[in-house]
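Here are the chains, one letter per residue:
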Amino acid sequence: MANIHDESFAHFLERDRAMDPPRVLNLASHRRGLLLLTLGFFILVSAAPIIAGRSLAGREGALSNIAQVWANEGGDKVWRSELRATHDPASVRNLVWDGSTISLFGARNEVISFNLILEAPQSAATNVRVELTELIGPGGARITTRPASGNGLFDFRGRNIELFYVRYLQIKGLSIDLAYNDYDERHIPERCRRPYDQYGIGTGTWQDRPCHDQFYPEIAVPLELHTPFNIPAGTNQAIWGDIYIPKGAPAGLYTGVITVREGSATTWQIPIHVQVRNFTLPDLPSARTMIYFSEENINDRYLGEPYPDKGTAAYARSQAIINRHFQLAHRHKFSLIDGGANAPSEMAADWLPRLNGSLFTAAQGYDGPGVGVGNNVYSIGTYGSWNWQNQGKQSMWTHTDAWVNWFDAQGLTTPTDYFLYLIDESTDFPQIEQWAKWMNENPGPGGRLPSMATIALPDAINHVPDLDIPTSGAGFGVTSDWENALAALRASGDKRFWMYNGSRPGSGSFATEDEGVALRELAWGGYKKGVERWFYWESTYYINFQCYGYNDPKAITNVFQQAQTFGCYSYDSPTRGQAGWNYFNGDGVLFYPGTDTRYPAESYGLDGPFASLRLKLWRRGIQDVDYLTLAAAIDPARVRRIVQRMVPKVLWEYGVDDPNDPTWVRTDISWSIDPDDWEAARNELADIIDGGVLPTATPTNTPTPGPSPTPTSGPSPTPTPTATATPTPTFTPTPTPAPVWRFRGYVCQGQPTSQAQPGEPCETSSTNPLAGVRLQLFSYDQGQTPVLVSERTTLSDGFYNFYVTAAYVRQYFMLKAENPLGLVAIMAISEDGTVQDANTIVWTLARPEVHLSNFYFLAPTPTPTSTPSSTPTPSATPTSTPTPTPSATPTPTSTPTPTRQWLPLMWITLSS
């Protein structure tokens, strides 16, 4: 929208009559000073009743510095600097917001959400208050809330409507390596991509990424703790709303009004409509989860001591705080695990109420999904911390017998997965198999205790046949290997398949800068592939010890101010912003501490946590799977079509570009990032459920809902448009891109077996695989400054590839390697592969010897003088190092395909 202060009032009024007649009086109230003197008291008195009588979104004649108010369902992350509605009100319309009214729908026993955006483009809005106290439905039925303060904010009884003040975190660098990689820009969230060609090779710098240094919405703080609040000029403020639809709510339309006040004046009233559909979501979610939390990290932040003694007041307070984490997670339909005791006698007494569901009752201040339903999962010896590992088979039988006997004695009515977490991300397959086999051979009750380890499914099937629950990292892989392994697991009949974390393009990621639909997709992808439980590695990772150790002050993350929570910030990349080993925004943090003794200025002084928006966005996906499950019981074929439309490819369905090097694939994500597409699919599922006959069975210990009245007549608030599953790329590639040069080499610890064979493994197998070596490739002409064209950070021993378009090819290339402790090796080589200069710069910091073994590159022959009508497909290369062939690129019919040759380089050593 143009700046109305610079327009004549007549032009302003006429323009808006043509644009949106019902909002004329609302928009006219933008005028200040002379306008008020001109129109006088008459307008102030007469305009407000007209607006209020129509229940339109707008201001009631009062002065306001909030120029625009609009909404979405939350899946569209709005940066704090964005003023979308101010620039173009039509651009913000969506299935939830029609320009004047918020329209939502949901089932009974579901939490639905909206995200209200208040824009203050010209002047700061001060002393702002936002209120939504009730929704009134058929026959006077009400969905309501009540005032709360302090720790009462964690008493959910009577608080079916909650509003949250959204806090923002600045994205200063990309979450490279674990959430996604940058050899293909299409792996990166769309709003963080640079321009790229058809291979996904990007051009430009960090400043060319639209998301650079933007403030992302992330922390949902109860609005009561920020009332009133201010909105700085030139920014927006998001207010998130959660609405829990009680099981007893009659189906039909519920209406209410969101009121915005600035000081003592009511400046905006926004109608909100909620269509309650005529079905009920289950208390026990169809998509099971488990999220780890660290008791010592929670104690460190809230109490100032990580290990309070049992029986002390500090310990009692610790358990009360942790119970509030369980209740908040339960309200979001998630299950928590901790480090897991070594024996039942070592379990905290508070674990039994979590498992039998008594923690999630009104007597304990709980209301919402899953009343009376237990946590449904318990991990023994999480991350392989159990203490009888070296005591032999008989000790394994004794301990596992004790655990099964304990669980049998509890008589839990909630189906509960409990298991022994053997080891985490280990390739010591013989040891894993021995433990799992001992458990299966136990003739006593312990033979029923499942074994679990984090391991790739094909490795589990091929090397650890006795493992009961292989839990695989979410990524991509060789399609046939994974499909065959999954089929073998299903055929066994007694094994389960779980997954953990998330990585693009195989799935949405947990990165703060990922799209708002990323974790919604994660749940849909899990449903598509039949994943029975999804594991997230940590939710309270407040001490970044895996980069800095426990004693470095940098390890103590100020989670209210710093987006990066995992990995290292060790340098500034011209293309990534802040960067370093496994640099990751938001990783391991889904709960924010209500009390922070480490950063007292950030502390709210509450004994309970705040949810991240990522937790709420993942909940949307978890509830979607409830819809999918209910609808599939009625029309499975149609549900399969909906799933295929929304997530055409997930996880290993993408395949890889080189089966001999299954670490990379060039592709965009397959799913839409438009929340409207997801809401349309959800509405379609709701129509299937509403129009069908649902099974009558309910989960164990889940109260059966009573009879539901017939829904009131009237159109659905969210019509179903035609959804497009594949997003439109932000950059149109040129028809004839330049040839691509590929550099490839093996990085390892120990001596290479031979210098003669490029890419051979190291002689000594590493028990601690190499990670954190920063590899940079530069290109330059003699006498010129080298230009960085590509960079990688190693995750472990293995092959690493670089891709460079011919536009960046110069007379020389320079390969630089730097590990986290500062050891550096530099190699310069000419275009023909001759080593021009090789030298090693070594600092005195200790580090095991590291080799970059036999790096070499594939150089194209000169480009033909006549430009082919389509991009040539590279010819076959030696089987040991095949060249990626873009699947979407046709082969020309008349122009010869250029040949390429491998040019070997020497290996270089980084040693202490």
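Coordinates for the structure precede this section.
Residues numbered from 1 in each chain as written. Predicted model: local features only at pLDDT ≥ 70, side-chain atom pairs only at ≥ 80, totals over all residues. Heavy atoms only, no water.

Before going further, it helps to spend a moment on the overall build of the protein chain. Along its length, the protein chain carries 16 helices and 36 strands. Within the protein chain, contacts between residues separated by at least 24 positions form 75% of all contacts whose residues are at least 6 apart in sequence. Entry remark: accessible area of the protein chain is about 33900 Å², with carbon and sulfur atoms responsible for 53%. (Helix = DSSP H or I, 4+ residues; strand = E, 2+ residues; numbered from the N terminus. Contact = heavy atoms within 4.5 Å. Areas by Shrake-Rupley, 256 points an atom, 1.4 Å probe, with all protein chains shown as cover.)

Our next topic: the state of the cysteines. One pass over the structure, following the stated rule, counts two disulfides. What pairs with Cys 192 in a disulfide is Cys 211, and their sulfur atoms sit 2.1 Å apart. Classification of the bridge connecting Cys 192 and Cys 211 rests on its S-S torsion, roughly 120°, and on that basis the disulfide is right-handed. One end of the pair, Cys 192, is in the loop between strand S7 (161-170) and strand S8 (215-222); the other, Cys 211, is in the loop between S7 and S8, and 19 residues separate them in sequence. Accessibility expressed as a relative area gives 0% for Cys 192, which makes it buried. Relative accessible area serves as the criterion here: at 0%, Cys 211 is assigned to the buried category. The disulfide partner of Cys 547 is Cys 568, and the S-S distance across this bridge is 1.9 Å. (Disulfide = S-S within 2.5 Å. Buried < 20%, exposed > 50% of the residue type's maximum accessible area, 1.4 Å probe, protein only.)

With that settled, the discussion passes to the pattern of salt bridges. In total, this model carries 48 salt bridges according to the counting rule given. Between Arg 159 and Glu 162 there is a salt bridge, and its shortest N-O distance comes to 4.0 Å. Comparing Arg 159 with Glu 162 shows no difference in burial state: the two are buried. Each of Glu 73, Glu 110, Arg 520, Arg 620, Asp 624, Glu 679 and Arg 682 takes part in one network of salt bridges that share partners. (Salt bridge = Lys/Arg side-chain N within 4 Å of Asp/Glu carboxyl O.)

Right, let's talk about the sheet that holds strand S18 (residues 469-473) for a bit. An order of S14-S13-S20-S19-S18-S17-S16-S15 is seen for the eight strands of this open sheet, with the pairing classed as parallel. Edge positions in the open sheet fall to strand S14 (336-337) and strand S15 (377-380), since each of these has one partner strand only. Sheet topology places strand S16 (residues 417-424) next to strand S17 (residues 451-454); four bridges connect them, and they run parallel. From the neighbouring strand, Leu 420 faces S17, where its bridge partner is Ser 451. Against the sheet, helix H9 (residues 429-441) makes contact with S16 and S17, and its axis sits at roughly 155° relative to S16, the strand it touches most. Most of the contacts of helix H14 (residues 613-632) go to strand S13 (residues 288-292), to which it runs at about 160°, and overall it touches S13 and strand S20 (533-536). (Pairing = 2+ DSSP bridges. Axes fitted to C-alpha atoms, helices over the stretch in contact; angles between N-to-C directions.)

Tracing the backbone through its elements, the reader meets Gly 252 in strand S11 (residues 252-262). Residues Gly 252 and Arg 277, 25 residues apart in the sequence, show an inter-C-alpha distance of 6.7 Å.

The next point concerns the sheet that holds S7. Hydrogen bonding along the main chain pairs the strands of a sheet, whether they run parallel or antiparallel. Spatially, seven strands are ordered S1-S3-S10-S7-S8-S26-S25 in an open sheet, and the strand pairing comes out antiparallel. Each of the sheet's edge strands pairs with one partner strand only, and the pair in question is strand S1 (68-72) and strand S25 (591-593). Direction aside, neighbouring strands of the sheet carry axes that sit 30° apart on average.

Quick look at the side chain of Asn 109 now. Mapped onto the secondary structure, Asn 109 falls in the loop between strand S2 (102-108) and strand S3 (110-120). Side-chain polar atoms of Asn 109 contact the side chain of Tyr 244, separated by 2.7 Å. A polar atom in the side chain of Asn 109 sits 3.0 Å from the side chain of Asp 283. (Polar contact = N/O pair within 3.5 Å; in protein donor to acceptor, adjacent residues only side chain to side chain.)

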